[in-house]
Structure formats: structure tokens, C-alpha cells
Amino acid sequence: MQKCPDGRCPVGIDSVKEIALTPQEKRNIYFKLKNQIFKQKKLLRELPLF
Amino acid sequence: MVKTKTLGVVGRGLEKVRETEKLFGEIYSRESDAIFRFCLLRTSDREMALDFTQDTFMRFWNSLCMEKDIKNHRTFLFTIARNLIIDWYRKKKSFSLEALMDNAAEGRGNFQLVAPENVETEVEAGMLIDKIRELPEPYSNAVYLRCVEELKPREISEILGESANVISVRISRGLEQLRQLLHVNTKTKAA
């Protein structure tokens, strides 16, 4: 699949797509997110009804 | 007794929550690299980019829970990331040029690839990122999102808040300038 309609993107642009999170970083962020979400749900459950 | 609260999380069925979590996990798996890459381009700081990536997905989760009408998850994520970074720049009390230059000089250390054993690819990627970053701001984002993330002009227009025509023009002009920057870079190396 062409990246640009007329193939104008610079040569070697594919190498930029290899810049990524390391597997460890990806896991760490995901666990932090899950933790935040869990705390958020816990907080909501503990809020009093009006 | 189930307590119903705001944000839409509590009060919906458990099944719905599980579906949302599953969807979130899939989208995170698919898009986290792209969002991280974009944040790294804009901040030149790996730790900062990691924080912004996390914040982006947290806000995305909140939007999913509020059952916002999200037509395109990808563009929505990029929009969140972009807005977070804009806010960050606005809040910075002093913008140290020296810090920027230090970041740029150490730049390649930030661009760790998934498979870092290919040094040549890493050097090439770092160089291209530097050149894309050198482009004037309106062109830099448009060129990056088109060439690296392969978004269509219409999708980029949603992220950047401009019309698709304006985006197409920016992509064209940006690529032209990028070609000139790369040509100058090649000439400098040859000299």
C-alpha cells in the first residue's frame, strides 16, 4: 500500500515506524492504566448516593 | 444494592463494562506505539512521551465510559495526545532553548526501536524524525501523520482542526520542504 498518493514520502520513512514502546514500557503503562481505572471504579462505588 | 454514579461506569451492566475493557485493551495494543511515537516527536523526551501516552489512554478510557460517540478511535486518540501536548507547552513557564538543544543532541537515545539491534535503521529513523521536527509547525504534524502514521488528509483534518484541503496543501508544501532539508543534509555529509 502506498503511503502517499504519489509516493512522495521520503525514502526510509518506514524506519520511523519502528520507533516504538519497548515491551516492558508497553506493559508498565497498561498496568498503570488498569490500576488507575480500578481506583476510579472503587472511588465511584464508595461515593454516597444523593 | 448497586450505587449509580456519574461517568457511566457504575450503573451499567457488568457485561458492558467487560466489553469496554476488552475494547480498550485491543485499542491500546493496536495504537499505543503510534501515540507514543507522536508524543516523542513533539516532546523529544522519552519519559515525557511515556507520561503523555498514559494520560492519552486514560482520557480515552473516560470517553469510552461516558459512551461518547467516537467515530474513529485512532484520530480521537491523536487529538487527545495533541491537545495534551499543546496544554503542556502553554503551561511551561519558561521554555529553555538550551534544554531543547540538549534534547535534540541526545535525540537518538530516545528513539529506541522495537528491535534495537539494527543500528543503521535507528540512525536513519532518528535523522528523519529530526528533519520532520525542523519543518514549520503547520507542516510538521501534517507530514508526520501522513507519511508515518498513514492517515488520510480527512482524518488529519479532524485531528488538527483544519479543512481537508488545507491539510492537503500543508502535506504538499511540507514534503517539498522536507525534501530540501534532506537534500541539504546529504550535501553536507558529502562535503
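Placed above this text is the structure.
So, here's what we can say about the structure. (Residues numbered from 1 in each chain as written. Chains lettered and ligands numbered in written order. Predicted model: local features only at pLDDT ≥ 70, side-chain atom pairs only at ≥ 80, totals over all residues. Heavy atoms only, no water.)

What about the overall build of chain B?
Reasoning step 1: Of the regular secondary structure elements, chain B holds 9 helices and 0 strands.
Reasoning step 2: For chain B, the succession of helices and strands along the chain, N to C, is α-α-α-α-α-α-α-α-α.
Reasoning step 3: By the burial criterion, 47% of the 191 residues in chain B qualify as buried.
Reasoning step 4: Long-range pairs, those at least 24 residues apart, make up 60% of the contacts in chain B between residues at least 6 apart in sequence.
Reasoning step 5: Of the roughly 10200 Å² of accessible surface on chain B, a fraction of 53% belongs to carbon and sulfur atoms. (Helix = DSSP H or I, 4+ residues; strand = E, 2+ residues; numbered from the N terminus. Buried < 20%, exposed > 50% of the residue type's maximum accessible area, 1.4 Å probe, protein only. Contact = heavy atoms within 4.5 Å. Areas by Shrake-Rupley, 256 points an atom, 1.4 Å probe, with all protein chains shown as cover.)

Points about the packing of aromatic side chains
Reasoning step 1: By the definition in use, this model includes 11 aromatic pairs over all chains.
Reasoning step 2: Plain terms: the ring middles of phenylalanine 24 of chain B and phenylalanine 57 of chain B are 6.2 Å apart, the flat faces sit at 80° to each other, and that makes the pair edge-to-face. Highlighted residues: phenylalanine 24 of chain B in helix H1 (residues 14-43) and phenylalanine 57 of chain B in helix H2 (residues 46-65), separated in sequence by 33 residues. Both residues of the pair, phenylalanine 24 of chain B and phenylalanine 57 of chain B, count as buried.
Reasoning step 3: With a centroid separation of 6.1 Å and an interplanar angle of 45°, the aromatic rings of phenylalanine 38 of chain B and tyrosine 144 of chain B are classed as tilted. On the criterion of sequence distance, the pair formed by phenylalanine 38 of chain B in helix H1 and tyrosine 144 of chain B in helix H7 (residues 137-147) is long-range, its members being 106 residues apart.
Reasoning step 4: In this structure tyrosine 144 of chain B comes out as buried when scored by relative accessible area, which is 0%.
Reasoning step 5: Every member of this aromatic cluster is reached through a ring pair, and the members are Tyr30 of chain A together with Phe24, Tyr28, Phe57, Phe60, Trp61 and Phe76 of chain B. (Phe/Tyr/Trp six-rings, centres within 6.5 Å; stacked < 30°, edge-to-face > 60°.)

Some words on the environment of isoleucine 129 of chain B
Residue and element names in this part refer to chain B.
Reasoning step 1: Mapped onto the elements, isoleucine 129 comes out in helix H6 (residues 119-134).
Reasoning step 2: Judged by its relative accessible area of 1%, isoleucine 129 is buried.
Reasoning step 3: Sequence spacing of isoleucine 129 and valine 148 is 19 residues, and the spatial spacing of their C-alpha atoms is 9.9 Å.

Side note on the packing of H1 of chain B against H2 of chain B
For any two helices packed against each other, the geometry comes down to the angle between their axes and how far apart the axes lie.
Residues and elements named next belong to chain B.
Reasoning step 1: Where H1 contacts H2, the axes come no closer than 8 Å and their chain directions differ by 145°. As for the relative orientation of H1 and H2, their crossing is right-handed in sense.
Reasoning step 2: Looking at the contact of H1 with H2 residue by residue, the classes come out as 16 nonpolar, 5 polar and 3 charged. (Axes fitted to C-alpha atoms, helices over the stretch in contact; angles between N-to-C directions. Left-handed = near helix turned anticlockwise from the far one by under 90°. Nonpolar A, V, L, I, M, F, W, Y, C, P; charged D, E, K, R; others polar.)

Some points on the state of the cysteines
Reasoning step 1: What the rule picks out here adds up to 1 disulfide over all chains.
Reasoning step 2: Cysteine 9 of chain A shares a disulfide with cysteine 147 of chain B; S-S distance 2.4 Å. The sign of the S-S torsion, about -85°, decides the handedness of the disulfide formed by cysteine 9 of chain A and cysteine 147 of chain B: left-handed. Highlighted residues: cysteine 9 of chain A in the segment before helix H1 (23-46) and cysteine 147 of chain B in helix H7, drawn from two different chains. In terms of burial, cysteine 9 of chain A and cysteine 147 of chain B fall into one category: buried.
Reasoning step 3: Lacking any disulfide linkage, cysteine 39 of chain B is separated from the closest cysteine sulfur, that of cysteine 147 of chain B, by 19 Å. (Disulfide = S-S within 2.5 Å.)

Structural notes on H1 of chain B
Reasoning step 1: Residue glutamate 31 of chain B marks the point of greatest curvature in H1 of chain B, where the axis turns by about 50°.
Reasoning step 2: A positive phi of about 55° marks serine 44 of chain B, the residue just after H1 of chain B. (Bend = angle between axes of the 7 residues up to and from the residue.)

Here we look at the environment of aspartate 45 of chain B
Residue and element names in this part refer to chain B.
Reasoning step 1: For aspartate 45, the position within the fold is in the loop between H1 and H2.
Reasoning step 2: Here glutamate 47 takes part through its backbone nitrogen, which lies 3.0 Å from a polar atom of the side chain of aspartate 45.
Reasoning step 3: Of note is the side chain of aspartate 45, whose polar atom sits 2.9 Å from the backbone nitrogen of methionine 48. (Polar contact = N/O pair within 3.5 Å; in protein donor to acceptor, adjacent residues only side chain to side chain.)

Some words on the nonpolar core
Reasoning step 1: Of all hydrophobic cores here, the largest spans 57 residues; its most connected members are Val16 of chain A together with Phe57, Phe60, Tyr144 and Leu145 of chain B.
Reasoning step 2: Broken down by secondary-structure element, the contributors of at least two residues to this core are H1 of chain A together with H1, H2, helix H3 (73-91), H6, H7, helix H8 (153-160) and helix H9 (164-190) of chain B.
Reasoning step 3: Among the elements that line this core, the one with the most residues is H1 of chain B, at 10 residues.
Reasoning step 4: In contact with phenylalanine 60 of chain B, not counting residues within four places along its chain, are Phe24, Ile27, Ile70, His73, Phe76, Leu77 and Ile80 of chain B. (Core = buried A, V, L, I, M, F, W, Y, C linked by side-chain atoms within 4.5 Å.)

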